[in-house]
Amino acid sequence: MLKNIDIVIIDDHNIIIEGMEILLGLEQNVSILKTYNDAYDFLDDLRGRKLLPKIVLMDLMMPTINGCDASKIIKMEFPEIKIIILSMNCEAKVIYELIEKVGIEGYLSKKISRIELYSALQEVSCGGIHLSEEAKVSLAGFREKLIKYPETILSCPRKKCVKM
């Protein structure tokens, strides 16, 4: 029997949240504890101990705080929470920063299927790291460039990131 996976979804687009709720509702062992349009609201609930998900499924580009900055805060204050970024942006520098520097557990292109989304939740829930194929290819190419050109500068998707 599969153990239950408690998740939170953070995305600034309601249609994306509603779609994921429908898709993940087909899986018996996934519980969506709550959804948010803003990661600051989620952080407030976390700090207030209103909920503690196992996994946060979060968009990268959001208007008030982006997924990179939110991930840094979550990992610093709540390192036991696993984070999967779900984004249209598969820019190698961003993926590298989030996986290698911030320590998130997954990065998925929004082009994936429901089956891959569920597989990613299962893998991350069991302690693994899951990258969609597009993210893997992007990251592999970037790592190769880092070996050839180690002076490559890394940055988050916005010019200003949260200073830790």
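As shown above, the structure is provided for reference.
Only a predicted model underlies this, so the values are computations on that prediction, with no experimental measurement involved.

1. Some remarks on the overall build of the protein chain
Along its length, the protein chain carries six helices and six strands. In the protein chain, the order of α-helices and β-strands from amino to carboxyl end is β-α-β-α-β-α-β-α-β-α-β-α. Buried residues in the protein chain amount to 49% of all 164 residues. Intrachain contacts of the protein chain at a sequence separation of at least 6 include 67% that bridge at least 24 residues. Carbon and sulfur atoms provide 55% of the accessible area of the protein chain, an area that totals close to 8,600 Å².

2. Some points on helix α2 (residues 39–47)
Among the residues making up α2, those that are buried are Ala39, Phe42, Leu43, Asp45 and Leu46. End-on, the buried residues of α2 take up no more than an arc of 160°, which puts them together on one face. Along its buried surface, α2 packs onto β1 (5–10), β2 (30–36), β3 (55–59) and α3 (67–77). Two or three places before Tyr40, at the opening of α2, Asp38 has a side-chain oxygen 2.6 Å from that residue's backbone nitrogen. Downstream of α2 by a residue or two, Arg49 has a phi angle that is positive, lying close to 60°.

3. So, the layout of surface pockets
Put simply, the largest pocket is a space of about 160 Å³. In this structure, the largest pocket is lined by Ile15, Ile16, Gly19, Met20, Leu23, Leu86, Lys110, Ile112, Ser113, Arg114 and Leu117. By residue number, the principal contributor to the lining of the largest pocket is helix α1 (residues 14–24), which donates five residues. Tallied by class, the residues present in the lining of the largest pocket amount to seven nonpolar, two polar and two charged.

4. Focus: the packing of α2 against α3
Running from N to C, α2 and α3 cross one another at 10°; their axes reach a closest spacing of 11 Å. One element, α2, and the other, α3, form an angle in the roughly parallel class. Here α2 contributes Ala39, Phe42, Leu43 and Arg47 to the contact with α3, which in turn contributes Ala70, Ile73, Ile74 and Glu77. Per-class residue counts for the contact of α2 with α3 are six nonpolar, no polar and two charged.

Thresholds applied
- Residues numbered from 1 in each chain as written.
- Predicted model: local features only at pLDDT ≥ 70, side-chain atom pairs only at ≥ 80, totals over all residues.
- Heavy atoms only, no water.
- Helix = DSSP H or I, 4+ residues; strand = E, 2+ residues; numbered from the N terminus.
- Buried < 20%, exposed > 50% of the residue type's maximum accessible area, 1.4 Å probe, protein only.
- Contact = heavy atoms within 4.5 Å.
- Areas by Shrake-Rupley, 256 points an atom, 1.4 Å probe, with all protein chains shown as cover.
- Arc of directions from axis to C-beta.
- Polar contact = N/O pair within 3.5 Å; in protein donor to acceptor, adjacent residues only side chain to side chain.
- 1 Å grid on protein atoms, 1.4 Å probe; cavity = no way out; pocket = protein on both sides within 12 Å on 5 of 7 lines; lining within 4 Å.
- Points joined across faces, edges and corners; volume = space filled by probe spheres on them.
- Nonpolar A, V, L, I, M, F, W, Y, C, P; charged D, E, K, R; others polar.
- Axes fitted to C-alpha atoms, helices over the stretch in contact; angles between N-to-C directions.
- Parallel < 35°, antiparallel > 145°, perpendicular 65-115°, else oblique.

The analysis is restricted to geometry; functional conclusions fall outside its scope.
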